[in-house]
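Listed below, chain by chain, are the residues.
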Amino acid sequence: MHAPEVYDYAIVRVVPRVEREEFINAGVILSCQRTGFLQAAIALDETRLLAMDPQADIDTVRRHLAAIVAICAGEEGCGPIARLPYRQRFHWLTARRSAIIQTSPVHTGRCIDAAAALEHIMGRMVRPLP
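These numbers come from a predicted model, not from an experiment.

Enquirer: What am I meant to see in the overall build of the protein here?
Expert: Within the protein one finds four helices and five strands. Going from the N terminus to the C terminus, the protein shows its helices and strands as β-β-β-α-α-α-β-β-α. In summary, the protein has a C-alpha radius of gyration of 15 Å against a globular reference of 14 Å for 130 residues, a match within 12%. Projecting the C-alpha coordinates of the protein onto the three principal axes gives extents of approximately 50 × 40 × 20 Å. Classification of the 130 residues of the protein by burial places 40% in the buried group. About 7800 Å² of surface is accessible on the protein, with carbon and sulfur atoms providing 52% of the total. Distance between charge centroids for the protein: 5 Å, based on 15 positive and 14 negative side chains.

Enquirer: Is there a simple way to think about the layout of surface pockets in this case?
Expert: Once rolled over the atoms, a probe with the size of a water molecule shows which space is left empty. If you add up the space inside the largest pocket, you get close to 310 Å³. Across the lining of the largest pocket, the residue classes tally to five nonpolar, five polar and four charged. Looking at the second largest pocket, its volume works out to about 210 Å³. Lining the second largest pocket are His64, Ala67, Ile68, Ile71, Trp92, Leu93, Arg97, Ala99, Ile100, Ile101, Gln102 and Thr103. Top element by residues in the lining of the second largest pocket is helix α2 (residues 58-73). It accounts for four residues. Residue composition of the lining of the second largest pocket, grouped by class: eight nonpolar, three polar and one charged.

Enquirer: Would you mind going over the nonpolar core with me for this structure?
Expert: Most often, soluble globular proteins have nonpolar side chains that are buried together. Val14, Ile29, Leu49, Leu65, Ile68 and Ile101 are the most contacted members of the largest nonpolar core, which totals 19 residues. Of all the secondary-structure elements, those providing two or more residues to this core are β1 (5-14), β2 (24-32), β3 (37-42), α2 and α3 (86-93). If you tally residues by element for this core, the top one is α2, at six residues. Sequence-distant contacts of Ile68, defined by excluding residues within four places in its chain, comprise Val12, Ile29, Ala40, Leu93 and Ile101. Core analysis: the next-biggest nonpolar cluster, separate from the first, contains 15 residues, Tyr7, Phe37, Ala114 and Ile121 among them.

Enquirer: Can you walk me through α2 in this structure?
Expert: Note: α-helices contain 3.6 residues per turn, so residues at a spacing of three or four share the same orientation. A rise of 1.5 Å per residue sets the reference length of α2, with its 16 residues, at 22 Å; its end C-alpha atoms lie 23 Å apart and thus fit the reference within 8%. If you check which residues of α2 are buried, you get Ile58, Val61, Leu65, Ile68, Ala70, Ile71 and Cys72. Turning to α2, the residues buried within the fold contact β1, β2, β3, α1 (46-52), α3 and β4 (101-103).

Enquirer: Could you clarify how one ought to interpret the side chain of Asn25 in this entry?
Expert: Here Asn25 lies in strand β2. When its relative accessible area of 17% is taken as the criterion, Asn25 is described as buried. Reaching out from Asn25, the side chain makes a polar contact with the backbone oxygen of Met125 at a distance of 2.9 Å. Ignoring sequence-local partners within four residues, the contact set of Asn25 consists of Ile11, Val12, Arg13, Ala43, Met125 and Val126.

About the thresholds
Residues numbered from 1 in each chain as written. Predicted model: local features only at pLDDT ≥ 70, side-chain atom pairs only at ≥ 80, totals over all residues. Heavy atoms only, no water. Helix = DSSP H or I, 4+ residues; strand = E, 2+ residues; numbered from the N terminus. Rg over C-alpha atoms; globule rule 2.2 N^0.38 Å. Buried < 20%, exposed > 50% of the residue type's maximum accessible area, 1.4 Å probe, protein only. Areas by Shrake-Rupley, 256 points an atom, 1.4 Å probe, with all protein chains shown as cover. Lys, Arg positive; Asp, Glu negative; His and termini not counted. Charge placed at Lys NZ, Arg CZ, Asp CG, Glu CD. 1 Å grid on protein atoms, 1.4 Å probe; cavity = no way out; pocket = protein on both sides within 12 Å on 5 of 7 lines; lining within 4 Å. Points joined across faces, edges and corners; volume = space filled by probe spheres on them. Nonpolar A, V, L, I, M, F, W, Y, C, P; charged D, E, K, R; others polar. Core = buried A, V, L, I, M, F, W, Y, C linked by side-chain atoms within 4.5 Å. Contact = heavy atoms within 4.5 Å. Expected span 1.5 Å × (residues − 1). Polar contact = N/O pair within 3.5 Å; in protein donor to acceptor, adjacent residues only side chain to side chain.

This is the structure:
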């Protein structure tokens, strides 16, 4: 059995009207420095978003959320940010900003399996409650 690893994560939020400061959780970015893990998971509840702002540009939101996943994966075509070392990508993605896509403050946890931790956080913080 492996010893638990420390990881950092932030919740991805969609803030359709920044001036109102209302948001819905739409995903998680998780990084484990020791193992080199950096991954994002997204689950946008479009019905909730449209209930919050009927004029929300869903296509733009989807595109920006997909870019987070692609940058975490270091995909070609995502520009210079995707070519940064993974910890710098994590810090760039979780930097404070006033935009339609924001992240929570960074939190820390411990896990044996970073992918399982990502899925657990998605279930607790993003996906609808059962």
